[in-house]
Amino acid sequence: METMLIRERYKVVRVIVRQSDYAALEAVDISDRETPSCLLNLYEGKLLRRYARICSGIRKEECPAFRGMFLERGTLVAAFDLRTGEPIDTLFRRGDSWSFEDRLLYTEKLLHQALLLANLPPEMGCAALLSDNVLVNPKEHTVNIRWILTPMEDMTARETALLAADQVKKIMPKTLRAGKEEMRFLDELDSGQFRNVVSLYSRWREAEPVIREERDAFEHKGLIRRGLIMFGRMFRRRRKED
């Protein structure tokens, strides 16, 4: 099979996404010995001008993974560093066994990544926060963004916050161990009240120490006391749902 080279520099390894007027490719930058692996977003047709405008506004300090963009035979190519990890849905799911301390850690790291998207165009922020692009690396205790910028139209800062909230809810599901502040925060995520990721992150920073304190107090109670508290919470939440 013939090797595909883009600009005589990027050797295509595989096609990750292929749509009308858009493709995402994993590639190797043969001119870069230190970090050769990269991800290329290709836009054509009606998407070309829109994403040329979007990508031209990216500043390196706001998106360190951005390598640049160029035109190649009528195709816009936007290059990013390739990030590694497992998609969030494969690690945080019903029945998983993460400790509460890990959940707090990864919530903080996810929302920090979301905060870094605040000054980028919403089309970028929303695409970056799709589940397949939120990568968790348990060995390094990191959350990374895979920059597959699938075309998304008419996105807003509020929708970026909604997507970030959806990812947080996977890490921090509602349980009977959750105290008042934890439930209040999770209910606020459900309500969609955050207009941008800055306000969401600010609320998390306010809530996190209280959530931690409440959970520590709960775990230090005896087995019978914890059982009674959980029974009471279940009863009150069922009444509230009714």
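To keep things clear, this report deals only with the structure shown in the data block.

Cut-off values and rules
- Residues numbered from 1 in each chain as written.
- Predicted model: local features only at pLDDT ≥ 70, side-chain atom pairs only at ≥ 80, totals over all residues.
- Heavy atoms only, no water.
- Helix = DSSP H or I, 4+ residues; strand = E, 2+ residues; numbered from the N terminus.
- Buried < 20%, exposed > 50% of the residue type's maximum accessible area, 1.4 Å probe, protein only.
- Areas by Shrake-Rupley, 256 points an atom, 1.4 Å probe, with all protein chains shown as cover.
- Lys, Arg positive; Asp, Glu negative; His and termini not counted.
- Charge placed at Lys NZ, Arg CZ, Asp CG, Glu CD.
- Salt bridge = Lys/Arg side-chain N within 4 Å of Asp/Glu carboxyl O.
- Pairing = 2+ DSSP bridges.
- Contact = heavy atoms within 4.5 Å.
- Axes fitted to C-alpha atoms, helices over the stretch in contact; angles between N-to-C directions.
- Expected span 1.5 Å × (residues − 1).
- Parallel < 35°, antiparallel > 145°, perpendicular 65-115°, else oblique.
- Left-handed = near helix turned anticlockwise from the far one by under 90°.
- Nonpolar A, V, L, I, M, F, W, Y, C, P; charged D, E, K, R; others polar.

### Digging into the overall build of the protein
Alright, step 1. Within the protein one finds eight helices and nine strands.
Alright, step 2. The principal-axis extents of the C-alpha atoms in the protein amount to approximately 70 × 35 × 30 Å.
Alright, step 3. Considering the protein as a whole, with its 242 residues, one finds that 45% of them fall into the buried category.
Alright, step 4. Surface accessibility of the protein: about 13700 Å² in total, with carbon and sulfur atoms responsible for 50%.
Alright, step 5. Counting 42 positive and 38 negative side-chain charges, the protein places the averaged centre of each group 4 Å from the other.

### A short note on the pattern of salt bridges
Alright, step 1. Taken as a whole and judged by the stated rule, the model has 21 salt bridges.
Alright, step 2. The salt bridge partner of Arg-67 is Asp-29, with a shortest N-O separation of 3.5 Å. Note that Arg-67 is positioned in strand E5 (residues 66-72) and Asp-29 in strand E3 (residues 22-29), a separation of 38 residues in sequence.
Alright, step 3. By relative accessible area, which is 24% here, Arg-67 ends up partly exposed.
Alright, step 4. Arg-212 is paired through a salt bridge with Glu-101; the nearest N and O atoms lie 2.6 Å apart. One end of the pair, Arg-212, is in helix H7 (residues 197-219); the other, Glu-101, is in helix H3 (residues 100-116), with 111 residues separating them in the sequence.
Alright, step 5. According to the relative accessible area criterion, Arg-212 is partly exposed, its value standing at 28%.
Alright, step 6. Each member of the salt-bridge network shares a partner with another, and the members are Arg-9, Asp-29, Asp-32, Arg-67 and Asp-81.

### Quick look at the sheet that holds strand E9 (residues 142-145)
Backbone-to-backbone hydrogen bonds join strands into a sheet, with any given pair of strands oriented parallel or antiparallel.
Alright, step 1. A sheet is described by the order of its strands in space; here three strands give the open sequence E7-E8-E9, paired in antiparallel fashion. Strands at the two margins of the open sheet, each flanked by one partner only, are strand E7 (86-87) and E9.
Alright, step 2. As paired elements, strand E8 (residues 134-137) and E9 share four bridges and run antiparallel to each other. When the sheet's bridge partners are listed, Val-136 is paired in E9 with Val-143.
Alright, step 3. Strands E8 and E9 of the sheet are contacted by H3, whose axis makes an angle of about 25 degrees with E9.

### Some words on the side chain of Thr-160
Alright, step 1. In this fold, Thr-160 is placed in helix H5 (residues 157-171).
Alright, step 2. According to the relative accessible area criterion, Thr-160 is buried, its value standing at 5%.

### Overview of helix H6 (residues 180-191)
Alright, step 1. Across its 12 residues, H6 extends 16 Å between first and last C-alpha, which sits within 8% of the 16 Å expected from 1.5 Å per residue.
Alright, step 2. If you check which residues of H6 are buried, you get Glu-181, Glu-182, Met-183, Phe-185, Leu-186, Glu-188 and Leu-189.

### Quick word on the packing of H5 against H6
Alright, step 1. Axis separation between H5 and H6 bottoms out at 9 Å; the angle between their running directions is 140 degrees. Taken together, H5 and H6 sit at an angle that is classed as oblique. For H5 against H6, the interelement crossing comes out left-handed. Judged by residue contacts, Ala-165, Val-168 and Lys-169 of H5 engage Phe-185, Leu-189 and Asp-190 from H6.
Alright, step 2. Here the contact of H5 with H6 is composed, by residue class, of four nonpolar, no polar and two charged.

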